[in-house]
Structures are given as structure tokens and as C-alpha cells.
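Fold and geometry: a report
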Amino acid sequence: MKKVLLGGLLLVFGVIALYAFVVPTVQPAKALIPEAAALETPIKWYTWDEALEANKKVKKKMFIDMYTDWCGWCKKMDGSTFKDPKVAAMMNKYFYAVKFDAEQKNAINYGGQTFKYVAQGSRGVHELAYALLDGKLGYPSFVYLNEKQERVTVSPGYKTPEQIIPELEFVGAGFYTKMDYQKFLAQKK
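Before going into details, it helps to say that this report is about the structure given with it. Worth saying up front: this structure is predicted, and the values here are computed from it rather than measured.

On to the packing of helix H8 (residues 161-172) against helix H9 (residues 181-188), then. Axis separation between H8 and H9 bottoms out at 11 Å; the angle between their running directions is 110°. Between H8 and H9, the angle falls in the class roughly perpendicular. Viewed along their axes, H8 and H9 form a crossing whose handedness is right-handed. Contact residues: H8 offers Gln163, Pro166, Glu167, Glu169 and Phe170, while H9 offers Tyr181, Phe184, Leu185 and Lys188. Its residues assigned to classes, the contact of H8 with H9 comprises five nonpolar, one polar and three charged.

Among the seven residues in strand S2 (residues 61-67), six count as buried, and that is most of the element. Pairing analysis gives seven bridges linking S2 to strand S3 (residues 95-101), with the strands arranged parallel. Its bridge partner being in S3, Lys61 is matched across the sheet by Phe95. Note: S2 against strand S8 (residues 141-145), five bridges, orientation antiparallel. For Met66, the partnering residue across the bridge sits in S8 and is Ser141.

Evaluation of the coordinates by the stated rule reveals 17 aromatic pairs. Measuring from ring centre to ring centre gives 6.0 Å for Trp70 and Tyr139, while their planes differ by 85°; the resulting arrangement is edge-to-face. Taken as a pair, Trp70 in the loop between S2 and helix H5 (72-79) and Tyr139 in the loop between helix H7 (127-132) and S8 lie far apart in primary sequence, 69 residues in all. Both rings, one in Phe170 and one in Tyr181, keep their centres 5.1 Å apart while their planes meet at 70°; by these two values the pair is edge-to-face. Residue Phe170 is located in helix H8, and its partner Tyr181 is located in helix H9; the two are separated by eleven residues in the primary sequence. Given a relative accessible area of 8%, Phe170 falls into the buried group. Here a set of aromatic residues connected by ring pairs shows up, and it is made of Trp45, Phe63, Phe82, Tyr94, Phe95, Phe142 and Tyr144. Looking at Lys105, its charged tip hangs above the ring of Tyr117, at a distance of 4.3 Å from the centre. Above the ring of Phe175, the side-chain terminus of Lys178 is found at 5.5 Å from the ring centroid.

On any regular strand, side chains alternate: one points to one face of the sheet, the next to the other face. Most of S3 is tucked away: six of the seven residues are buried. Sheet topology places strand S1 (residues 45-46) next to S3; two bridges connect them, and they run parallel. Bridge pairing links Trp45 to Ala97 in S3.

Bringing the sheet that holds strand S9 (residues 151-156) into the picture now. In space, the five strands of this open sheet follow the order S1-S3-S2-S8-S9, with mixed pairing throughout. Strands at the two margins of the open sheet, each flanked by one partner only, are S1 and S9. Most of the contacts of helix H4 (residues 48-57) go to S3, to which it runs at about 160°, and overall it touches S1, S2, S3 and S8.

Soluble, globular proteins show a tendency: their nonpolar side chains are buried together. Ranked by size, the top nonpolar core spans 24 residues in total, and within it Trp48, Met62, Ile64, Met66 and Phe100 carry the most contacts. Contributions of two or more residues to this core are made by H4, S2, S3, H7 and S8. Counting residues per element, this core draws most heavily on H4, at four residues. Excluding its chain neighbours within four sequence positions, the residues that come into contact with Trp48 are Met62, Ile64, Val98, Phe100, Ile108, Tyr110, Leu128, Leu132 and Leu145. If you look at the next biggest cluster of nonpolar residues, it comprises 19 residues, including Phe82, Val87, Phe170 and Met179.

Cut-offs applied
- Residues numbered from 1 in each chain as written.
- Predicted model: local features only at pLDDT ≥ 70, side-chain atom pairs only at ≥ 80, totals over all residues.
- Heavy atoms only, no water.
- Axes fitted to C-alpha atoms, helices over the stretch in contact; angles between N-to-C directions.
- Helix = DSSP H or I, 4+ residues; strand = E, 2+ residues; numbered from the N terminus.
- Parallel < 35°, antiparallel > 145°, perpendicular 65-115°, else oblique.
- Left-handed = near helix turned anticlockwise from the far one by under 90°.
- Contact = heavy atoms within 4.5 Å.
- Nonpolar A, V, L, I, M, F, W, Y, C, P; charged D, E, K, R; others polar.
- Buried < 20%, exposed > 50% of the residue type's maximum accessible area, 1.4 Å probe, protein only.
- Pairing = 2+ DSSP bridges.
- Phe/Tyr/Trp six-rings, centres within 6.5 Å; stacked < 30°, edge-to-face > 60°.
- Lys NZ or Arg CZ within 6 Å of the ring centre and 35° of its normal.
- Core = buried A, V, L, I, M, F, W, Y, C linked by side-chain atoms within 4.5 Å.

The following block contains the structure:
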């Protein structure tokens, strides 16, 4: 009787082991659907220099997130809006997205000019941030550049996904060359 019971247990464990090693595991549906997996791709952030180099190979517009380390709304954008799958998909499709610390101390050579950090009181500002924002230093601010690194527009302030997605489409898909933003928004309704 003990041999029969032991043989039965070995048979059960053998079937379990065979099932565990031979039968393929079921993949989640989203892993099988490329579109669903793409929605979970985070924004590919570049440095200023990386974006310029990438643009030499494949022309794209640039989205520049002007932020500072002390900016609470900048951190909120990073934790919510920039995590949104639709925002990330549009950003990666249309732009080289650049994180630019408006108070960084590294000099940047661009367009035959060197832009540096300028100390002002307890803080300072990077000259490139100052130039791209026309001296209006509110954070976060977003600068959109075309494929030739010419400024298209500046968009100041915190944005929800619902607020930034139309901007990304307006600039990214090139609607800005055909109409103003208010007309674009009216047509979307």
C-alpha cells in the first residue's frame, strides 16, 4: 500500500514538474499587442547636445522642458503629466524631448555662441534659458523648436495631459504653419 501511495505521489509530482517546464506560460495580452506596449514607453529625454546630434541624423522638432531643482510644479509635471502614456507617445513621435535645468552651470556652445551660467543673488540663470524664454523666467516653461532649432513658441506653466496634448499635436504635426493655436483648438471641438 505504501508503494502504491508513494508511486501515486511521484506520478503527481512528475506531472506538475512536466507541466511547469514544458507548457509555455501565458503572456499578458498587452505584451502581445505592440500598440499597448508602446503606450507604456516612457518619454525619451535627451540632453541639449544629444538632441542636436540626433537631429543631424533624423530631423525632428525639439521640446525643451525648462525646469529648476527647486520648482514644485516642475516635479509635479515629471510625476504626472510626463508619465501619461499619450503624452509620452506623442512626445517620442514628434520631438527630441530635452530636460534643461535653467540654473545649470555647464556652458553650452550653440549656433556659434557660448551660453553660460550667470550668478544673480542666491541663484542664477543659464543664458540659453534666458534667451529661449525671452527673459520670462517662470518654471516650468516649455519651448518648442522646429527641425532647424528655430523657436516656434513658448508655453509657460504647469500643464495636465489634457492641456499639453493639443500643444504637442499643434506643433508636432505642423499645424502651427497653417493656423494659430486658437483656430486649431476650435477645429478640434
